[in-house]
Amino acid sequence: MSVDPKYWAEATAFGGGRNGHAKLASGMLTVTMSSPKELGGDGKGHNPEELFALGYAACYLSAMRFAAQSEKLGTVPDDASVNAHVGIGPRSDGGFGLKVTLEVSLPGLERDVAEKIAERGHFICPYSNATKGNIEVEIVVL
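So, how was this worked out
Residues numbered from 1 in each chain as written. Predicted model: local features only at pLDDT ≥ 70, side-chain atom pairs only at ≥ 80, totals over all residues. Heavy atoms only, no water. Core = buried A, V, L, I, M, F, W, Y, C linked by side-chain atoms within 4.5 Å. Buried < 20%, exposed > 50% of the residue type's maximum accessible area, 1.4 Å probe, protein only. Helix = DSSP H or I, 4+ residues; strand = E, 2+ residues; numbered from the N terminus. Pairing = 2+ DSSP bridges. Expected span 1.5 Å × (residues − 1). Contact = heavy atoms within 4.5 Å. Polar contact = N/O pair within 3.5 Å; in protein donor to acceptor, adjacent residues only side chain to side chain. 1 Å grid on protein atoms, 1.4 Å probe; cavity = no way out; pocket = protein on both sides within 12 Å on 5 of 7 lines; lining within 4 Å. Points joined across faces, edges and corners; volume = space filled by probe spheres on them. Domains from an automatic or database assignment. Buried area = accessible area lost by both parts, 1.4 Å probe. Salt bridge = Lys/Arg side-chain N within 4 Å of Asp/Glu carboxyl O. Nonpolar A, V, L, I, M, F, W, Y, C, P; charged D, E, K, R; others polar.

### Let's talk about the nonpolar core
- Judged by nonpolar contacts, the single largest core of 24 residues is most densely connected at Tyr60, Met64, Val82, Leu102 and Leu106.
- Breaking this core down by element, the ones donating at least two residues are α1 (48–70), β4 (81–90), β5 (96–105) and α2 (111–124).
- Among the elements that take part in this core, α1 stands out by supplying nine residues, more than any other.

This is how it looks when you write it as structure tokens:
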């Protein structure tokens, strides 16, 4: 499989990594990073899992919209949403790993249509493709 990138994002982390800062090369966003209290940090900043959840939720919602339109599956309502839960913890074979649950809300759509759109969105979404085989991702259509 090859990818022909049409866009590159660039960010830099500096200081202490999880307990430092991160910024976009564009200068449009700088974030104070802090490990969550559950992992021994002070929880006064943001963490990579929060940023991953933001990105995955937005990307997956866009992928569902793209799938619905391009595959003529129906119209994703304006009030559709994706709630991404990203968990981090020790892996049974060492190191740390992530686990994701995506809660999909497609108000007004028949359940079978909503499930098909969610399924096709998961196939199209670059985050889903990047995590495939690496991170357990559960999709829950509400």
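From this point on, the discussion continues.
### Here we look at the pairing of strand β1 (residues 11–14)
- Both β1 and strand β2 (residues 21–24) contribute to a ladder of four bridges, which runs antiparallel. By the bridge assignment for β2, Thr12 is matched with Lys23.
- A loop of six residues connects β1 with β2, the two strands running antiparallel in sequence, and Gly15 in this loop sits at a positive phi of about 90°.

### Remarks on unusual backbone geometry
- Of note, the phi angle at Lys72 is positive, near 50°, even though the residue is not glycine.
- Along the polypeptide, Lys72 turns up in the loop between α1 and β4.
- The exposed category is assigned to Lys72, whose relative accessible area is 73%.

### Some thoughts on α2
- Across its 14 residues, α2 extends 20 Å between first and last C-alpha, which sits within 8% of the 20 Å expected from 1.5 Å per residue.
- Structurally, α2 contributes buried residues whose contacts are with α1 and β6 (136–141).

### Notes on α1
- Look at α1: 32 Å from first C-alpha to last across 23 residues, which is about the 33 Å you get at 1.5 Å a residue.
- Turning to α1, the residues buried within the fold contact β4, β5, α2, α3 (126–131) and β6.
- The N-capping residue of α1, defined by a side-chain oxygen 3.0 Å from the backbone nitrogen of Glu49, is Asn47.
- Lys72 sits one or two residues past α1 and shows a positive phi near 50°.

### A few points about the layout of surface pockets
- Taken as a whole, the largest pocket spans an internal volume of roughly 850 Å³.
- Taken together, 26 residues line the largest pocket, and the ones lying closest to its centre are Ala9, Ala11, Leu24, Gly55 and Tyr127.
- For the lining of the largest pocket, the secondary structure elements donating two or more residues are β1, β2, α1 and α3.
- Counting the residues that make up the lining of the largest pocket, at least three belong to each of domain 1 (1–46) and domain 2 (48–141).

### Focus on the domain arrangement of the chain
- Partitioning the chain into domains gives domain 1 (1–46) and domain 2 (48–141).
- Centre-to-centre separation of domain 1 and domain 2, based on C-alpha positions: 21 Å.
- If you look at the interface, domain 1 gives five residues, while domain 2 gives five residues.
- Across the interface of domain 1 and domain 2, roughly 510 Å² is buried in total on both sides, 65% from carbon and sulfur atoms.
- Along the contact surface separating domain 1 from domain 2 lie one salt bridge.
- When the shortest N-O distance is used, the salt bridge between Glu49 and Arg18 registers 2.5 Å.
- At the boundary of domain 1 and domain 2, one finds two residue pairs in polar contact (both at pLDDT 80 or more).
- Considered class by class, the residues forming the side of domain 1 that touches domain 2 number two nonpolar, two polar and one charged.

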